[in-house]
Amino acid sequence: VGHCHPDIVKAAHEQNQLLNTNSRYLHDNLVDYAERLSKTLPEKLCIFYFLNSGSEANDLALRLARQYTKHEDVIVLDHAYHGHLTSLIDISPYKFRNLEGQKEWVHVAPVPDIYRGLYREDHEDPVTAYADEVKNIIEHAHTRGRKIAAFFVESLPSVGGQIIPPAGYFQKVAQHVHKAGGVFVADEIQVGFGRVGKHFWAFQLQGEDFIPDIVTMGKPIGNGHPIACVATTKEIAEAFAATGVEYFNTFGGNPVSCAIGLAVLDVIEKEHLQARASETGNFLMKLLKEQQIKHPIIGDVRGCGLFIGVDLIK
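Everything quoted here is computed from the prediction, not taken from an experiment.

### Concerning the overall build of the protein
1) Next: When helices and strands are counted, the protein shows ten helices and nine strands.
2) Next: When its C-alpha atoms are laid out on the principal axes, the protein stretches across 60 × 55 × 40 Å.
3) Next: Buried positions account for 52% of the 314 residues belonging to the protein.
4) Next: Considering only intrachain contacts with a sequence separation of at least 6, the fraction spanning at least 24 residues in the protein is 71%.
5) Next: A total accessible area of about 15,300 Å² is found for the protein, and carbon and sulfur atoms account for 53% of it.
6) Next: One way to put it: in the protein the 30 positive side-chain charges average out to a point 3 Å from where the 38 negative ones average out.

Now the structure itself:
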């Protein structure tokens, strides 16, 4: 919402002046913030875990998925990056290819890129073709005795090249993943909170009939303050709680972070930032497309709201 936004600074300052020991103690901010966030999400995503970073959020999503499914394996998209923890480097082809390589429990699916990918705009049904790649990975994993815990995906792959997956891809993939006993995790750490303009969450670009099982949030959630969140269903949360090992995070959900989180949502609403992301993004796309006509090096201009990619070609 902008560098040193006065509303965010004020919320942080006012809450900082009040006693904060640690987040084991109940505080209205935590409940108020969870309620406000829940209004932006589909009804079934009603349980919230608060953390300090996007990496922490994705690591917890991985734990939730494994505990709920009792499976281990993860399917990710090629070029993906999901965070800097050891567990997340393992599911980030962008990183592990330069480090220790691919673990046996990790499976890499092609990016649903209809400009540069395996199946392009001229393909009769790129949605089904890309989803079938995931189905084939699942079937191959099963022949090796492996079981799928989760399909982990950024709602709009960013490191992979600002990719806009074709609508319907997530629905088809979710069918294959659910049939295999896995869950669908939407990483909204970079693309959530109204950035795409049309919707508050980027996964909503896929259509109203698509709801992930787990959504992770970071980056814009606190406007630079370290706060993150995992939203999931009651069923998944109950399976996680059934271990008897309670989820605890010293600073996750502390009153200062939640006051800042609430202020961020207030500013997004008050200043109509979601609509402005659409307007500004459309304006930028229009100008970029004018440049595309002039310069053969610009192969593709794609995006949604303020998530935009310019693909340069030889």
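Text resumes after the structure shown.
### Remarks on a nonpolar patch on the surface
1) Next: A cluster of nonpolar residues, Ile297, Val310 and Leu312, forms a patch on the protein surface that exposes about 260 Å² of accessible area.
2) Next: Here isoleucine 297 shows up in the loop between helix 10 (273-294) and strand 8 (298-304).
3) Next: A residue is classified by how much of its surface remains accessible, and isoleucine 297, at 46% relative accessible area, is partly exposed.

### Some points on the sheet that holds strand 5 (residues 183-187)
Sheets are built from strands paired through backbone hydrogen bonds, the pairs being either parallel or antiparallel.
1) Next: Spatially, the seven strands line up as an open sheet ordered 1-7-6-5-4-2-3, and their pairing is mixed. Two strands in the sheet have a free side with no partner beyond their single neighbour: strand 1 (47-51) and strand 3 (106-109). If you compare each strand with its neighbour and ignore which way they point, the axes differ by 20 degrees on average.
2) Next: Helix 3 (residues 54-69) rests against strand 1, strand 2 (73-77), strand 4 (148-154), strand 5, strand 6 (214-217) and strand 7 (228-232) of the sheet, and its axis sits at about 165 degrees to strand 6.

### Here we look at the domain arrangement of the protein
1) Next: Entries for the protein in the domain assignment read domain 1 (6-271) and domain 2 (272-313).
2) Next: Of note, the centres of domain 1 and domain 2, computed from C-alpha atoms alone, are 25 Å apart.
3) Next: Taken together, the contact between domain 1 and domain 2 spans 23 residues of the former and 19 residues of the latter.
4) Next: For the pair domain 1 and domain 2, the summed buried area comes to about 1,700 Å², and 54% of that belongs to carbon and sulfur atoms.
5) Next: Of all residues in domain 1, Tyr115, Gln162 and Glu271 bury the most surface against domain 2, accounting for 35% of the area lost on that side.
6) Next: Applying the counting rule to domain 1 against domain 2 returns one salt bridge.
7) Next: In this structure, the connection of domain 1 to domain 2 is made through 14 residue pairs in polar contact (both at pLDDT 80 or more).

### A few points about helix 1 (residues 6-16)
1) Next: Among all positions in helix 1, only Ile8, Ala11, Ala12 and Gln15 are buried. An end-on view of helix 1 places all buried positions within 95 degrees of arc, on one side of the element. Opposite the buried face of helix 1, at more than 90 degrees from it, the exposed residues are Pro6 and Lys10.
2) Next: Taken together, the buried residues of helix 1 touch helix 2 (28-38) and helix 9 (255-270).

### Structural notes on the packing of aromatic side chains
1) Next: Here the structure, examined in full by the defined rule, presents 14 aromatic pairs.
2) Next: An angle of 50 degrees between the planes, with centres 5.3 Å apart, marks the rings of phenylalanine 151 and phenylalanine 184 as tilted. Of this pair, phenylalanine 151 sits in strand 4 while phenylalanine 184 sits in strand 5; the two residues are 33 residues apart in sequence, bridging distant segments of the chain. Taken individually, phenylalanine 151 and phenylalanine 184 each receive the classification buried, so the pair is uniform in this respect.

### A short note on the pairing of strand 5
1) Next: For strand 5, the tally of buried residues reaches five of five residues, placing the bulk of the element in the interior.
2) Next: Bridging between strand 4 and strand 5 involves five bridges; their strand directions are parallel. Note that in strand 5 the partner of valine 153 across the bridge is alanine 186.
3) Next: Note on the crossover from strand 4 through helix 7 (residues 169-179) to strand 5: the handedness is right-handed.
4) Next: Here strand 5 pairs with strand 6 via three bridges, running parallel. Looking at the pairing, alanine 186 lines up with valine 215 of strand 6.

### Some remarks on the side chain of asparagine 29
1) Next: Within the secondary structure, asparagine 29 is located in helix 2.
2) Next: Note on asparagine 29: relative accessible area 12%, which makes it buried.
3) Next: With residues up to four places along the chain from it excluded, the contact list for asparagine 29 reads Gln15, Pro255, Cys258, Ala259 and Leu262.

### Overview of unusual backbone geometry
1) Next: Non-glycine residue lysine 219 carries a positive phi angle of around 30 degrees.
2) Next: Within the fold, lysine 219 resides in the loop between strand 6 and strand 7.
3) Next: Classification of lysine 219 by relative accessible area gives exposed; the value is 53%.

Scoring rules and cut-offs
Residues numbered from 1 in each chain as written. Predicted model: local features only at pLDDT ≥ 70, side-chain atom pairs only at ≥ 80, totals over all residues. Heavy atoms only, no water. Helix = DSSP H or I, 4+ residues; strand = E, 2+ residues; numbered from the N terminus. Buried < 20%, exposed > 50% of the residue type's maximum accessible area, 1.4 Å probe, protein only. Contact = heavy atoms within 4.5 Å. Areas by Shrake-Rupley, 256 points an atom, 1.4 Å probe, with all protein chains shown as cover. Lys, Arg positive; Asp, Glu negative; His and termini not counted. Charge placed at Lys NZ, Arg CZ, Asp CG, Glu CD. Patch = residues over 30% accessible without salt bridge, like charges linked within 9 Å, V, L, I, M, F, W, Y side chains within 5 Å. Salt bridge = Lys/Arg side-chain N within 4 Å of Asp/Glu carboxyl O. Pairing = 2+ DSSP bridges. Axes fitted to C-alpha atoms, helices over the stretch in contact; angles between N-to-C directions. Domains from an automatic or database assignment. Buried area = accessible area lost by both parts, 1.4 Å probe. Polar contact = N/O pair within 3.5 Å; in protein donor to acceptor, adjacent residues only side chain to side chain. Arc of directions from axis to C-beta. Phe/Tyr/Trp six-rings, centres within 6.5 Å; stacked < 30°, edge-to-face > 60°. Right-handed = clockwise from strand over helix to strand, strands pointing away.

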